[in-house]
Amino acid sequence: HVRFFWQVLEEFSPAQRRLFLTFIWGRNRLPLTERDWGDQSMKVHTLETRKPNDHLPVAHTCFFSIEWPQYKSLEIAKAKLLYAITNCRGIDADNTQEARANAIAAWI
């Protein structure tokens, strides 16, 4: 499933990649130098749920990380990530309806 994540990012345009960075990190550009990175590195975690295709990926901007559901196809993975990066603009919006639904569904 993580392979789908990387395939989707490879297919993205530069504009979509900037939206992705804003979604996952709250910035639209990467640091210029190795030193500017500090200890930061992107992390991909599995969003555990019984119905992964029903969930959007969840970003944690403070930690430069993403919870990635185990989507069943590349097409679903791309559609979900495109939706998330273009429509989920709130940073640290853990108290949104979608975030609460994801949290509840993860336990079902």
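If you're wondering where the values come from, they're calculated on a predicted model, not measured in any experiment.

Definitions and limits used
- Residues numbered from 1 in each chain as written.
- Predicted model: local features only at pLDDT ≥ 70, side-chain atom pairs only at ≥ 80, totals over all residues.
- Heavy atoms only, no water.
- Helix = DSSP H or I, 4+ residues; strand = E, 2+ residues; numbered from the N terminus.
- Contact = heavy atoms within 4.5 Å.
- Areas by Shrake-Rupley, 256 points an atom, 1.4 Å probe, with all protein chains shown as cover.
- Polar contact = N/O pair within 3.5 Å; in protein donor to acceptor, adjacent residues only side chain to side chain.
- Salt bridge = Lys/Arg side-chain N within 4 Å of Asp/Glu carboxyl O.
- Buried < 20%, exposed > 50% of the residue type's maximum accessible area, 1.4 Å probe, protein only.
- Pairing = 2+ DSSP bridges.
- Axes fitted to C-alpha atoms, helices over the stretch in contact; angles between N-to-C directions.
- Expected span 1.5 Å × (residues − 1).
- Arc of directions from axis to C-beta.

Overview of the overall build of the protein
Part 1 of the argument: Tallying secondary structure elements over the protein gives five helices and three strands in all.
Part 2 of the argument: Reading the protein from its N end, one meets helices and strands in the order α-α-α-β-β-β-α-α.
Part 3 of the argument: Restricting the contact set of the protein to residue pairs at least 6 apart, pairs at least 24 apart contribute 53%.
Part 4 of the argument: Of the accessible surface of the protein, which amounts to about 7,200 Å², a share of 52% is contributed by carbon and sulfur atoms.

A few points about the environment of His60
Part 1 of the argument: Within the secondary structure, His60 is located in strand β2 (residues 58-60).
Part 2 of the argument: Separated by 35 residues in the primary sequence, His60 and Trp25 have C-alpha atoms spaced 7.3 Å apart.
Part 3 of the argument: Only 2.6 Å separates the side chain of His60 from the side chain of Glu67, close enough to count as a polar contact.

Some details on the pattern of salt bridges
Part 1 of the argument: Within this structure, the stated rule accounts for one salt bridge.
Part 2 of the argument: Residue Lys78 is joined to Glu11 by a salt bridge in which the shortest nitrogen-to-oxygen separation is 3.1 Å. Note that Lys78 is positioned in helix α4 (residues 74-87) and Glu11 in helix α1 (residues 2-11), a separation of 67 residues in sequence.
Part 3 of the argument: On the basis of relative accessibility, which here comes to 43%, the residue Glu11 falls in the partly exposed class.

Some details on the sheet that holds β2
Part 1 of the argument: Strand order in the open sheet formed by three strands is β1-β3-β2, and the pairing between neighbours is mixed. The open sheet is flanked by β1 (43-47) and β2, the only strands paired with a single partner. Each strand of the sheet is rotated relative to its neighbour by a mean of 25°, with strand direction disregarded.
Part 2 of the argument: Bridging between β1 and strand β3 (residues 65-69) involves five bridges; their strand directions are parallel. For Leu47, the partnering residue across the bridge sits in β3 and is Pro69.
Part 3 of the argument: Sitting on the sheet, helix α2 (residues 14-25) is in contact with β2 and β3, with an inclination near 100° to β3.

Things to note about the side chain of Ser65
Part 1 of the argument: Inspection of the secondary structure assignment puts Ser65 in strand β3.
Part 2 of the argument: What Ser65 contacts, discounting residues up to four positions off in sequence, is Ile24, Lys43, His45, Val58, Ala59 and His60.

Some points on unusual backbone geometry
Part 1 of the argument: With a phi angle near 50°, Phe64 is a residue other than glycine that sits in the positive phi range.
Part 2 of the argument: Tracing the backbone shows Phe64 in the loop between β2 and β3.
Part 3 of the argument: On the accessibility criterion, Phe64 (2% relative accessible area) is buried.

Considerations on α2
Part 1 of the argument: The terminal C-alpha atoms of α2 lie 16 Å apart, and with twelve residues this matches the ideal 16 Å at 1.5 Å per residue to within 8%.
Part 2 of the argument: Within the sequence span of α2, burial applies to Phe20, Leu21, Phe23, Ile24 and Trp25. Viewed end-on, α2 has its buried residues packed into an arc of 165°, placing them on one side of the element.
Part 3 of the argument: Here the buried face of α2 lies against α1, α3 (34-37), β2, β3 and α4.

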